Amino acid sequence: MKSSKQFYNRLANIVIALAIAIAVLVGVDVVLPPYVKSTNLTQNIAPSSLDRIELTFNRTMDRRSVEQAFKLDPPLEGVFLWHNNTVTYQLENLPPYDQNIGLTIDSSARDTNGKSLSQPYATTIQTAPIQILYLGSDPEEADQLILYNPQTEQKQILTQPEFAIEQFAEIPNSKDILLLGAYGDNQPELYRLNPTTGSMTQLTNDAMHLNNKFTISPTGEHVALSRIQLSETGTYLSNIELWLASTKDYQFSKYQPDNAQGSDAYFSFDGSHLLYFNQNYAFELAPISAESPEESLFIGKEFNHSYGFHPSKAILLFNNLDNADLFTIDNDLILFYGDGSQKMIPFEDGITRDSVFTPDGESVISIFSKQDEAMEDPLSFYPLRIFHLYQYNLEDESITQLTSDPDFSEEEPTISSNGQYILFRRFSTNSDEIAIDPAYREIADSLGTITSGELWLYDFANDELVDLGIRGKRAQWYESTE
């Protein structure tokens, strides 16, 4: 009985001590001025990651005083949102690359008891520089993967000359790069490259399958790989199959066997679904977990190529099959909506290629060649055309021509994640590099045609073209900041 009483007395003393400690801490917190407790900001942040600024205070603040004390230099338009002690400044537009942004909250900001900050809160936000990945074309760097900073003109060659690259892409939410390539005469396999250390990890090793191309989900969680089954003598035993794996282990398994093909596959914007050709060359859409055709949604057989998903809405972008003659296939660019309706983007009398949604989802960037931009050359094995960059606005349905110089032809547009630039490949029509229709570019490259091209930027903010002064192909943005 005595020991039990002593236990409860001790427990009561502990509770009283804790209560006193809590009261003291609360009292100290009330006496001390308010301050910024945490933030979502990091150093050298990618512009695409800076869509909002979050600041959490140690106590409840007077919201009006904080908003009036908040300042960005240079100014960035946005709106304030509050949740408990956290204020979020939601930016209307993503910031530019390589910019110092000063953030201050002056000492007029106060809490709900009227106590002000003891001193202004100040920090600097540094957005990451522009970085580009491309395959070199000049002899000393031919077909090697290169990381390039246009502002410093600094190049970093990431792969060796003996490694032949067929495809590459940055893995989203990772600094690493996924490569499809091979050493020497070996068949192409998937590799994961760390650009900082230069180390490469082989991810596939299957002599019974020929790897053709891959697609990474926007979340970076899955990768789809197109493959062809081989016999021991190297004979093709299947059509192009679609295989799927998690990027956690790269353990590939066949996706919807005997139904899905891997010739034209795209992930939805959230990575949950796959768009693909079925065995009848009709587009279908299904969850990545689907195991049978019964789980698929039929899209249509009238399309012969897709450019993938809108970044946030149930909209797909297709080329419509048009066999008017040999050199006018793929004329019509089609928006396919989630309710099954379609809308043709009104390019008239010409050919569209290489189309892509802008990251904000407001526009489609495409290259387009008018009928009178066809180039007659009876000695050419390929149709020769001049293509220029165009922008289609989804809201008002207007089409704006972005490039127009008849001495150049453009292709392979890719848009920076903050929507600031279009990176593209450009060919002179007055040189030995002929303006081959991009639909035939891969065939021309395999036969040794001179098609290296130059890399350029289109600056949306200033409506100007920037010659990067480098020659290359398959250029992409590299958004890692690690």
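Going by the structure above, here's the rest.
As the structure is a computational prediction, the values presented were derived from the model and not from experiment.

**A word on the overall build of the chain**
When you go through the chain residue by residue, the secondary structure sums to three helices and 36 strands. By its C-alpha atoms, the chain is 100 × 60 × 50 Å across when sized along the principal axes. Sorting the 482 residues of the chain into buried and exposed places 46% on the buried side. The long-range share in the chain, meaning contacts at least 24 apart out of those at least 6 apart in sequence, stands at 46%. Averaging the positions of the 30 positive and the 69 negative side-chain charges in the chain gives two centres separated by 15 Å.

**Some words on the nonpolar core**
Core analysis: the biggest nonpolar cluster contains 23 residues, and Ile53 and Leu72 have the highest contact counts within it. For this core, the elements supplying multiple residues, two or more each, are β2 (52-57), α2 (63-69), β3 (70-73), β5 (86-91) and β6 (100-105).

**Focus: the packing of aromatic side chains**
One pair of aromatic rings is described through two measures. These are the centre distance and the angle between the planes. All chains considered together, the criterion is met by 21 aromatic pairs. Relative to Phe460, the ring of Tyr458 has its centre 5.3 Å away and its plane inclined at 90°; by these criteria the two rings are edge-to-face. Take Tyr458: its relative accessible area is 3%, and that puts it in the buried class. Directly above the ring of Phe408 sits Arg426, whose terminal nitrogen or CZ lies 4.2 Å from the centroid.

**Some words on the pattern of salt bridges**
One pass over the structure, following the stated rule, counts 16 salt bridges. Where Asp51 meets Arg52, a salt bridge forms, and the shortest distance between an N and an O atom there is 3.1 Å. For the salt bridge of Asp176 with Arg192, the shortest nitrogen-to-oxygen distance reads 2.8 Å. You can see Asp176 sitting in the loop between β11 (163-170) and β12 (177-183) and its partner Arg192 sitting in strand β13 (residues 189-193), a full 16 residues away along the chain.

**Some words on the side chain of Gln126**
Mapped onto the secondary structure, Gln126 falls in strand β7 (residues 121-126). In this structure the side chain of Gln126 is engaged in a polar contact, spanning 3.4 Å, whose partner is the side chain of Asp98.

**Brief notes about empty space enclosed by the protein**
Over the atoms, a rolled probe matching the size of one water molecule traces out where space is still vacant. For the structure on display, the rule yields two cavities of 30 Å³ or more. Approximately 40 Å³ is the volume found for the largest cavity. Considering the residues around the largest cavity, the lining is formed by Lys213, Phe214, Thr215, Ala224, Leu225, Ser226, Leu242, Gly262 and Ala265. Elements that contribute at least two residues to the lining of the largest cavity include exactly β15 (209-216), β16 (222-229) and β19 (260-267). Residues of the lining of the largest cavity, tallied by class, amount to five nonpolar, three polar and one charged. Approximately 30 Å³ is the volume found for the second largest cavity.

**Considering the pairing of strand β9 (residues 145-149)**
Among the five residues of β9, five are classified as buried, and the element is accordingly described as predominantly covered. A two-sided burial pattern is seen for β9, the buried positions comprising Leu145, Leu147 and Asn149 on one face and Ile146 and Tyr148 on the other. Here strand β8 (residues 132-136) pairs with β9 via four bridges, running antiparallel. Counted as the bridge partner of Leu135 is Leu145 from β9. Of the pairings in the sheet, the one linking β9 to strand β10 (residues 154-157) comprises four bridges and is antiparallel in character. Residue pairing in the sheet places Asn149 in a bridge with Gln154 of β10. As consecutive antiparallel partners, β9 and β10 are separated by four residues, and within that stretch Glu153 has a phi angle of approximately 60°, a positive value.

**Quick word on a negative patch on the surface**
There is a patch of like negative charges on the surface, built from Asp360, Glu362, Glu395 and Asp396. Tracing the backbone through its elements, the reader meets Glu395 in the loop between β31 (388-393) and β32 (399-401).

**Regarding the sheet that holds β31**
Here four strands make up an open sheet; going across it, the order is β27-β28-β31-β32 and the pairing antiparallel. Of all strands in the sheet, those with a lone pairing partner are β27 (350-357) and β32, marking the two edges. On average, each strand axis in the sheet is inclined to that of its neighbour by 30°, with strand direction left out of account. Where strand β28 (residues 363-370) meets β31, six bridges bridge the pair, whose relative direction is antiparallel. Looking at β31, one finds that Ser363 is bridged to Asn393.

What counts, and where the lines are drawn
Residues numbered from 1 in each chain as written. Predicted model: local features only at pLDDT ≥ 70, side-chain atom pairs only at ≥ 80, totals over all residues. Heavy atoms only, no water. Helix = DSSP H or I, 4+ residues; strand = E, 2+ residues; numbered from the N terminus. Buried < 20%, exposed > 50% of the residue type's maximum accessible area, 1.4 Å probe, protein only. Contact = heavy atoms within 4.5 Å. Lys, Arg positive; Asp, Glu negative; His and termini not counted. Charge placed at Lys NZ, Arg CZ, Asp CG, Glu CD. Core = buried A, V, L, I, M, F, W, Y, C linked by side-chain atoms within 4.5 Å. Phe/Tyr/Trp six-rings, centres within 6.5 Å; stacked < 30°, edge-to-face > 60°. Lys NZ or Arg CZ within 6 Å of the ring centre and 35° of its normal. Salt bridge = Lys/Arg side-chain N within 4 Å of Asp/Glu carboxyl O. Polar contact = N/O pair within 3.5 Å; in protein donor to acceptor, adjacent residues only side chain to side chain. 1 Å grid on protein atoms, 1.4 Å probe; cavity = no way out; pocket = protein on both sides within 12 Å on 5 of 7 lines; lining within 4 Å. Points joined across faces, edges and corners; volume = space filled by probe spheres on them. Nonpolar A, V, L, I, M, F, W, Y, C, P; charged D, E, K, R; others polar. Pairing = 2+ DSSP bridges. Patch = residues over 30% accessible without salt bridge, like charges linked within 9 Å, V, L, I, M, F, W, Y side chains within 5 Å. Areas by Shrake-Rupley, 256 points an atom, 1.4 Å probe, with all protein chains shown as cover. Axes fitted to C-alpha atoms, helices over the stretch in contact; angles between N-to-C directions.

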